[in-house]
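A closer look at the structure
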Amino acid sequence: MTQRALDSSGEQTPGPSRPTMIDAGAELDPVHPMEPPPARRPAGLSTAEVAERVARGEVNDVPVRSSRSVTEIVRANVFTRFNLIIGVLWVIMLFVAPIQDSLFGFVIVANTGIGIIQEWRAKKTLDSLAVIGEAKPTVRRDGVAAEISTSEIVLGDLVELGPGDKVVVDGTVSEADSLEIDESLLTGEADPVIKRAGDPVMSGSFVVAGGGAFTATKVGREAYAAQLAEEASRFTLVHSELRSGISTILKYVTWMMVPTAIGLIISQLVVKDNNFKESVARTVGGIVPMIPEGLVLLTSVAFAIGVVRLGRKQCLVQELPAIEGLARVDVVCLDKTGTLTEGGMDVTEVRPLNGSDEAYVTRVLRAFGSSDPRPNASLQAIIDAYPAGDGDAHPAASGGAHPPAGGDALPTAGGGPLPTAGGDAESWTVTDAMPFSSARKYSGAAFTEADGTDSVWLLGAPDVLLSEGDATLTEIEQLNEQGLRVLLLARAEGELDAPGAAAGAAPTALVVLEQRLRPDAGDTLAYFADQNVATKVISGDNAVSVGAVAGKLGLAGAENTLDARRLPTDPDEMATAMEENAVFGRVTPQQKRDMVAALQSRGHTVAMTGDGVNDVLALKDADIGVSMGSGSEATRAVAQIVLLNNSFATLPSVVAEGRRVIGNITRVATLFLTKTVYSVLLAILVVCFQVEYPFLPRHLTLLSTLTIGVPAFFLALAPNKERAQPHFVRRVMRYAIPSGVIAAAATFATYLVARHHYSGEGALEAETSAATLTLFLVSMWVLAIIARPYTWWRVGLVVAMGLGFLIVLVVPWLQDFFALKLVGTTMPWTAVGIAVAAAVLLEFTWRWVGRRFGM
């Protein structure tokens, strides 16, 4: 059995050592009451030794990557497949055609520049937030423990560990005090591993109970976690339906584009005996619009701007598509502590049981609080209410009294006096301690009391420490129904670490705690309810108590509670229980993981929030993991989203940002792909009918700018609260294919009519102008449909684009620049008539698709 002894100064030393005494009147730090002084423990490296190792390069120099480097951003935005194609075509056009036919190249340069700037802005935001949210390990040097950056750790450093701390480099355990480490992120094994002095620890694992220290044996890129990071850095994207969908679309576009472009080249250069340079220009004019070059750009820009917006709200998005992922979530699993409630708690009452002496109970609680240098929230509340060395009466939050350290009498709850545990000279010895574990649901401590009596005490969940039919459970149930948290103090028989130490423990007192509700949690729960997102509260606390807290916050279905110890193990039955209930108590860390998997098996997209080490497994397996900034380092490491302001109320902003991105990219993708479809079909029709391609690059650059480029930029960044829908590719193509077919058919019909109407010199230019008018009007109608529902700025956007084209048609120098001049009145009005017919057909088609497949 590992002993933890305390000297007169409150020092804790690991391993067997001379039992020393705690003076009940000694002044101890309320947060870390037994922090060992440097003289009684290894001092760690000296300043000189650290300097030597730094000089030798034995530093943990792996940078924390929250985003791509500037070089990677530039490379990703510049060296794309379509930029290569367009770049080659642009160079060709610079040699064979006027500058206005090369405008599409300058547009691509501008778009790429915008993409780089926006992602660079997002990178700066991410990097600055990552520094704020980065956990700093505690390292002991020259006998002094201090927090330093992870990158400052050197080989041989002595790194201290406590519950929730992540092992940041590989090492060997030097000190172990009931140290339990979870290596599930590395090995897949969920059970914590007990570590003793001399045992190895790997970076990426984390502490679930106890404490200690380890000596760094591998740092930098030699550490295990760093090797994993080299293979998949933080920027590695989680699954994104938008990104994968766009990649699928681009793959099909490439397949269509290659044969079509080859056919167009042969048609224009070989079959038609035209002027060579004009043939090249019209061939390029047919190829360029097939490429939805701005779609990838706008997706990246939308994500990047989303990161910047959320960064201003102290929300760190560690993986960009996590914004999209949270918007698709239909079930949110919440951990009560730290999410619905604030971290701190207050002791409202202590109820002695079975005739126990209240003053004696107080002495036990005071000693218990001094037994753990890293108390959890519950024990910290007891330490605050019963501080060591409190020589005066100290009323509890409920108005009860605390005994002084001396021998004066204190009034009982009923008004009569009770003797205290003894005088100022009395002191107790801590001979062993067992930190709280989520799996056990209790902590423990062993003492040698002032009179030499040995006693073993347990503090934890009453329904775990008491037998099922115990009458005290009824009293506890009434407290739980009020949303109060209740701990049981029980005296155990035998050794603290003996198997079944809790069996037969004698109930001594109930410690009643009141949790502090987050003031914004109720509004956030209401938001998710309005958005049809199911909320499940999953906690290690008593289910009835958790349900009462959730009920106070207005959670729908809070009365439907279930004790996880009665949760079925069959995944399908568990999924049914998860869907039928809203509040779950006494949940173990492994059960949280199983519950997430059960919901996912029913097709749910699950988000998990949490801040403690017991949430790590579930956070890792959930579709989206959300951690509080004040949570353990392990939770922040596995989460895709970290709320640095510790506010659950930030989540609606993330959901709204994701919905804006998804909804708007779906809109603009329809615009881009409509252009791709009509461009491919026009090229095919030109090849089949053996006619000149109707457009020069300048015409389609003008149309793309007015009907797609400028409007898409505004639409992609506009507010959008539509709920995210699955099957991105299918939904986009349902509208883009018929729209592109209608636009191509109407444009080519106008072109054929114009070929019969015009003749002589300048006929081709007149035919091109008529076809351009039809294509612009049909494309504008597609834009008008996509811009719905209308707001003042959306209407203004559509009108402004129409006015832009009108200005080109009426200003002489713009007519010449773009080679657009309507000849006569018959053909222009015919072009308008064909466009109107196409618009009516578009309306009918869009409404039919909406009714048939849903919007």
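These numbers were taken from a predicted model, which means no experiment stands behind them.

Here is what the cut-offs are and how they apply
Residues numbered from 1 in each chain as written. Predicted model: local features only at pLDDT ≥ 70, side-chain atom pairs only at ≥ 80, totals over all residues. Heavy atoms only, no water. Helix = DSSP H or I, 4+ residues; strand = E, 2+ residues; numbered from the N terminus. Buried < 20%, exposed > 50% of the residue type's maximum accessible area, 1.4 Å probe, protein only. Contact = heavy atoms within 4.5 Å. Areas by Shrake-Rupley, 256 points an atom, 1.4 Å probe, with all protein chains shown as cover. Core = buried A, V, L, I, M, F, W, Y, C linked by side-chain atoms within 4.5 Å. Pairing = 2+ DSSP bridges. Phe/Tyr/Trp six-rings, centres within 6.5 Å; stacked < 30°, edge-to-face > 60°. Lys NZ or Arg CZ within 6 Å of the ring centre and 35° of its normal. Axes fitted to C-alpha atoms, helices over the stretch in contact; angles between N-to-C directions. pLDDT = per-residue confidence, 0-100. Parallel < 35°, antiparallel > 145°, perpendicular 65-115°, else oblique. Left-handed = near helix turned anticlockwise from the far one by under 90°. Nonpolar A, V, L, I, M, F, W, Y, C, P; charged D, E, K, R; others polar.

**Describing the overall build of the chain**
A count of helical and extended segments in the chain gives 27 helices and 26 strands. The buried share of the chain, reckoned over its 855 residues, is 57%. Of the contacts formed within the chain by residues at least 6 apart in sequence, a portion of 71% connects residues at least 24 apart. If you sum the accessible surface of the chain, you get close to 34000 Å²; carbon and sulfur atoms cover 59% of it.

**Details of the nonpolar core**
Ranked by size, the top nonpolar core spans 93 residues in total, and within it Phe104, Ile665, Val668, Phe728 and Phe805 carry the most contacts. Looking at this core element by element, the count peaks at 13 residues for helix 21 (residues 651–689). What Ile665 contacts, discounting residues up to four positions off in sequence, is Leu242, Ile246, Leu298, Thr299, Ala302 and Phe728.

**Concerning the pairing of strand 25 (residues 624–628)**
Counted residue by residue, strand 25 has five buried out of five residues, so it is predominantly covered. Across four bridges, strand 24 (residues 606–610) lies against strand 25 in parallel orientation. Note that in strand 25 the partner of Thr609 across the bridge is Val626.

**Describing the pairing of strand 17 (residues 442–448)**
Within strand 17, six of the seven residues are buried, which leaves it mostly tucked inside the rest of the structure. Relative to strand 17, strand 16 (residues 427–434) is paired through five bridges, and the arrangement is antiparallel. Across the sheet, the residue bridging to Met434 is Gly444, located in strand 17. Looking at chain direction, strand 17 and strand 18 (residues 454–460) are connected through seven bridges and run antiparallel. Counted as the bridge partner of Tyr442 is Gly460 from strand 18.

**As for the packing of aromatic side chains**
For the structure on display, the rule yields 14 aromatic pairs. Ring geometry for Tyr527 against Phe528: centres 5.7 Å apart, planes inclined by 70 degrees, an arrangement best described as edge-to-face. Directly above the aromatic system of Tyr252 lies the positively charged group of Lys251, at a separation of 5.7 Å from the ring centroid.

**Thoughts on the sheet that holds strand 22 (residues 561–563)**
The eight strands are arranged 11-26-25-24-12-21-23-22 in an open sheet whose pairing can be described as mixed. The open sheet terminates on both sides in strands that have one partner only, identified here as strand 11 (315–317) and strand 22. Averaged over all neighbouring strand pairs, the angle between strand axes comes to 20 degrees, with direction disregarded. In the sheet, strand 11 pairs with strand 26 (residues 641–643) via three bridges, with the strands oriented antiparallel. Within strand 26, the residue paired with Leu316 across the bridge is Val642. Helix 17 (residues 571–580) rests against strand 21 (534–538), strand 22 and strand 23 (583–585) of the sheet, and its axis sits at about 105 degrees to strand 21.

**Some points on the confidence of the model for the chain**
Averaged over the chain, the pLDDT score is 78; the fraction of residues at 70 or greater is 84%. Per-element averaging of pLDDT across the chain places strand 15 (residues 417–418) at the bottom with 30 and helix 25 (residues 792–810) at the top with 94. Taken as a whole, residues 1–39 scores under 50 in pLDDT and shows 106 contacts with residues more than four places along the chain or in a different chain. Below a pLDDT of 50 lies the segment residues 228–237, which in the model reaches 17 contacts outside its immediate sequence neighbourhood of four places, other chains included.

**Details of the packing of helix 9 (residues 293–311) against helix 21**
Direction vectors running N to C along helix 9 and helix 21 enclose 165 degrees, while the axes themselves pass 10 Å from each other. In terms of axis orientation, helix 9 runs roughly antiparallel to helix 21. At the point where helix 9 passes helix 21, the crossing takes the right-handed sense. On helix 21, the residues that touch Glu293, Gly294, Leu295, Leu298, Thr299, Ala302, Phe303, Gly306, Arg309 and Leu310 of helix 9 are Ser653, Val654, Glu657, Arg660, Val661, Ile665, Val668, Ala669, Phe672 and Lys675. Looking at side-chain class alone, the contact of helix 9 with helix 21 contains 11 nonpolar, four polar and five charged residues.

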